[in-house]
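Observations on the model geometry
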Amino acid sequence: MAQWTSAVGSTQLARLIKSQEDRPAGPGTRRPPAYRALADGIRLLVLEGRVPVAARLPAERELAQALTVSRTTVAAAYEALRGEGFLESRRGAGSWTAVPAGNPLPARGLEPLPPESLGSMIDLGCAALPAPEPWLTRAVQGALEELPPYAHTHGDYPAGLPALRQMIADRYTERGIPTMPEQIMVTTGAMGAIDAICHLFAGRGERIAVESPSYANILQLMRAAGARLVPVAMAEGLSGWELDRWRQVLRDAAPRLAYVVADFHNPTGALPDDDQRRQLVDAARGAGTVLIVDETMSEMWLDPGLELPRPVCSFDPAGSTVITVGSVSKAFWAGMRIGWVRAAPDVVRSLVAARAYADLGTPVVEQLAVNWLFSTGGWQAAVDLRRIQARENRDALVAAVRRELPDWEFEVPGGGLTLWVRAGGLSGSRLAEVGERVGVRVPSGPRFGVDGAFEGYVRLPFTVGGPLADEAASRLAAAARLVVSGAGTGAEPRTFVA
């Protein structure tokens, strides 16, 4: 059986390789042999995630024709990549991309730091802000006032409190998507929602197509569930999805599920437009793939006047293809573990029935607190406050990184909570390791890819501002200097540039 899960055509790969020719070379750089330049180009595409890991590469003759080079050059490049662990081959199955053995995904950088460590360490690992007070306190107080009638019941509401289900359904209807409470299940955060969906639709060994890069915790959840992840590279910058790649993966890999973050994508901040959303839904429907759409960032637009696209589920009026997941954790507070699923009523009934063997239900007091926020106007006031804070933090962090690390590359998103940064050719894993030694915690790019992609990236969240953003950038610059020099790592200096 072949070990590849997607394929890259010769024309597409040639275009990606040629796009690297516009990158300026460093001072004193010598031009490498043609085969070496080709091998380095393919290696960089894999490390950056622009060519997925486990993607079948074109045959030597096909790629040689597309690049107008000799077949000998391509054969030598493939052989060099095999020797370095970036390519695997088998007779009759072709060659597919890989990452070298001994390069596991970094184990640190995303788990929240314990409170006692926050004084000495600047934590850029967790993309979450403190609670928008006084609204958290007011919501909990309001919940306690509403609690007595519920305290006289058994307290188990597998589908969620009826009042909150109705409120969430009404909010979708106000957005132009008619929704009944029977289409809503309240969950323990978005993670609980996606875990339930994966267990219902995708058993062990099932393929799930995911954006590349994607939200690290969801990737790990799916791995733990035994899924076979099929990465689909994002378009360059903030331009959203590559629909040709999605169509190819949906057709060739036939995944049971696909997972996307459509609104201010985590980690890139991309915002696919209406046409991309429509085309992706059509492609998923045609392939028989259920599309999980993560809307946890949908209310985190930061730039005034930004034109927002329609929700993805609006392009699936029959409700047969799209399952939407929402949450209050990003727009309000990560400690408020309330999420929800919007799906066809029969899907919701199946999810609710399965809860008897999982978590039974979601805490009542937290549901009441969220219902209080939605019903009193407290939600809008809290989210407005959150947007102001995130916008100020974003602008401060962008200015600080541009000043301290001018060779780091990124595009500034119009919303969300994260900045996806190409770290000037340095290893993101090394930066994460050395960063903790100099007092800044940052997750490396491979956490957001499949099987080690995005080694040259780090994710920076909008969680610090003002002087703290300046200090964070200063410590990142110190970490970068140490990585370049190899000091304190026990390894030779290592960069990832073609």
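These numbers come from a predicted model, not from an experiment.

Attention now goes to the overall build of the protein chain. Along the backbone of the protein chain there are 16 helices and 15 strands. Burial statistics for the protein chain: of 498 residues in total, 54% are counted as buried. Long-range contacts, defined as pairs at least 24 residues apart, comprise 75% of the intrachain contacts of the protein chain with a sequence gap of at least 6. For the protein chain, the accessible surface area stands at approximately 20,800 Å², while carbon and sulfur atoms represent 53% of it.

This next bit is on the sheet that holds strand β12 (residues 339–342). Across the sheet, seven strands lie side by side as β6-β12-β11-β10-β9-β7-β8; this open sheet has mixed pairing. At either end of the open sheet lies a strand with only one pairing partner, and these are β6 (184–187) and β8 (228–233). Averaged over all neighbouring strand pairs, the angle between strand axes comes to 25°, with direction disregarded. With three bridges connecting them, strand β7 (residues 207–212) and strand β9 (residues 257–261) associate as parallel partners. Across the sheet, Ile208 pairs through a bridge with Leu257, a residue of β9. Contacting β6, β7, β9, β10 (290–294), β11 (322–327) and β12, helix α8 (residues 189–201) runs over the sheet at an angle of about 155° to β11.

Counted by the stated rule, this structure contains 24 salt bridges. We note a salt bridge from Arg394 to Asp303, for which the minimum N-O separation is 2.8 Å. Of this pair, Arg394 sits in helix α14 (residues 378–404) while Asp303 is found in the loop between β10 and β11, placing the two residues 91 residues apart along the sequence. For Asp303, a relative accessible area of 27% translates into the label partly exposed. Across the pair Asp470 and Arg403 runs a salt bridge, and its minimum N-O distance is 3.0 Å. Of the two residues, Asp470 sits in helix α16 (residues 466–485) while Arg403 sits in helix α14, which places them 67 residues apart along the sequence. Its relative accessible area of 33% is what places Asp470 among the partly exposed residues. Counted as one network, the salt bridges with shared partners bring together Arg36, Asp40, Arg43 and Glu84.

It is at 8 Å that the axes of helix α5 (residues 135–146) and helix α13 (residues 364–376) come closest, and there the two elements cross at 115°. Considered as vectors, α5 and α13 are oriented roughly perpendicular to each other. In the packing of α5 onto α13, the handedness of the crossing is right-handed. Across the interface between the two elements, Trp135, Arg138, Ala139, Val140, Gly142, Ala143 and Glu146 of α5 pack against Val365, Leu368, Ala369, Trp372 and Leu373 of α13. Taken together, the residues of the contact of α5 with α13 break down into nine nonpolar, one polar and two charged.

On the surface, a cluster of nonpolar side chains totalling about 210 Å² of accessible area is made up of Val140, Leu144 and Val365. Structurally, the position occupied by Val140 is in helix α5. Using a relative accessible area of 33% as the deciding quantity, one classes Val140 as partly exposed.

Applying the stated criterion to the full structure yields eight aromatic pairs. For the pair Trp340 and Phe374, a centre-to-centre distance of 6.3 Å together with 75° between the ring planes defines the contact as edge-to-face. Of this pair, Trp340 sits in strand β12 while Phe374 sits in helix α13, placing them 34 residues apart in sequence. For the pair formed by Trp340 and Phe374, the shared burial category is buried. What links up through ring pairs into an aromatic cluster is the set Phe332, Trp340, Phe374 and Trp379. The aromatic ring of Phe374 is capped on one face by Arg171, whose charged end is 4.2 Å from the ring centroid. Above the ring of Tyr172, the side-chain terminus of Arg342 is found at 5.7 Å from the ring centroid.

A few words now on the side chain of Ser298. With respect to the helices and strands, Ser298 occurs in the loop between β10 and β11. Here Ser298 is in contact with Asp263 and Phe264, once residues within four sequence places are set aside.

Attention shifts here to the environment of Leu47. By the secondary structure assignment, Leu47 is in helix α2 (residues 34–47). Residues Leu47 and Ala453, spaced 406 residues apart in sequence, show a C-alpha to C-alpha distance of 4.5 Å.

Time to look at the pairing of β9. Among the five residues in β9, five count as buried, and that is most of the element. Neither face of β9 is open: one carries Leu257, Tyr259 and Val261, the other Ala258 and Val260, and all of them are buried. Where β9 and β10 come together, five bridges link them in parallel fashion. Residue pairing in the sheet places Leu257 in a bridge with Val290 of β10. As for the winding sense of the linkage, the β-α-β connection from β9 through helix α11 (residues 274–287) to β10 is right-handed.

Turning next to the environment of Met185. With respect to the helices and strands, the residue Met185 is situated in strand β6. Under the relative-accessibility criterion, Met185 is labelled buried at 1%. Between the alpha carbons of Met185 and Leu164 there is a distance of 9.5 Å; along the sequence they are 21 residues apart. Once residues within four sequence positions are removed from consideration, Met185 is found in contact with Pro158, Ala159, Gly339, Trp340, Val341, Val348, Leu351, Val352 and Arg355.

Any segment with low pLDDT has predicted coordinates that should not be analysed in fine detail. Of all residues in the protein chain, 89% have pLDDT values of 70 or greater, and the mean over the chain is 88. Note that residues 22–29 has pLDDT below 50 and, in this model, four contacts with residues that lie over four places away or in other chains. Note on residues 104–109: pLDDT under 50 across the span, and 16 contacts to partners over four residues away in sequence or across chains.

It is worth spelling out helix α9 (residues 216–224) at this point. For α9, the complete set of buried residues consists of Ala216, Ile218, Leu219, Leu221 and Met222. Structurally, α9 contributes buried residues whose contacts are with α8, β7, β8 and β9. Phi turns positive one or two residues past the end of α9, at Gly226, with a value near 85°.

Quick notes on the rules
Each residue is numbered by its place in its chain's sequence as written, counting from 1. Side-chain atom pairs in this predicted model are given and counted only at pLDDT of 80 or more, local residue features only at pLDDT of at least 70, and totals for whole chains, interfaces and linings cover all residues. Side-chain metrics in this entry use all non-hydrogen atoms of the structure; hydrogen atoms and water are not considered. A helix here means a DSSP run of H or I that spans at least four residues, while a strand means a run of E at least two residues long, and both kinds are numbered starting from the N terminus. Partly exposed residues are those whose accessible area sits between 20% and 50% of the maximum for their type, while under 20% is buried and over 50% is exposed, using a 1.4 Å probe and protein chains only. Note on contacts: a residue pair is in contact if any heavy atoms of the two residues lie within 4.5 Å. Accessible surface area values rest on a Shrake-Rupley calculation with a 1.4 Å probe, where residue burial reflects the displayed protein chains alone. What makes two strands pair is DSSP finding at least two bridges between them. All axes are obtained by fitting lines to C-alpha atoms, using only the stretch in contact for helices, and the reported angles, taken between N-to-C directions, cover 0 to 180 degrees. Counted as salt bridges are all cases of a side-chain nitrogen of Lys or Arg within 4 Å of a carboxyl oxygen of Asp or Glu. The scheme is simple: roughly parallel for angles under 35 degrees, roughly antiparallel for over 145, roughly perpendicular for 65 to 115, oblique for anything else. Each crossing is labelled by how the near helix is turned from the far one, with a counterclockwise turn of less than a right angle marking it left-handed and a clockwise turn marking it right-handed. Note on residue classes: Ala, Val, Leu, Ile, Met, Phe, Trp, Tyr, Cys and Pro are nonpolar, Asp, Glu, Lys and Arg are charged, and everything else, Gly too, is polar. Like charges within 9 Å and nonpolar side chains (Val, Leu, Ile, Met, Phe, Trp, Tyr) within 5 Å are joined into patches, using only residues over 30% in relative accessible area that form no salt bridge. Here a Phe, Tyr or Trp ring, Trp counted by its six-membered ring, pairs with any other such ring whose centre lies within 6.5 Å, and the pair is stacked when the planes are under 30 degrees apart, edge-to-face when over 60, and tilted otherwise. Put simply, a charge is over a ring when the Lys NZ or the Arg CZ is close to the ring centre, within 6 Å, and near the line of the ring normal, within 35 degrees. The handedness of a crossover follows from its direction of travel: if, with the strands pointing away from the viewer, the path from the first strand over the helix to the second runs clockwise, the crossover is right-handed. Confidence scores labelled pLDDT are given residue by residue by the predictor and lie between 0 and 100.

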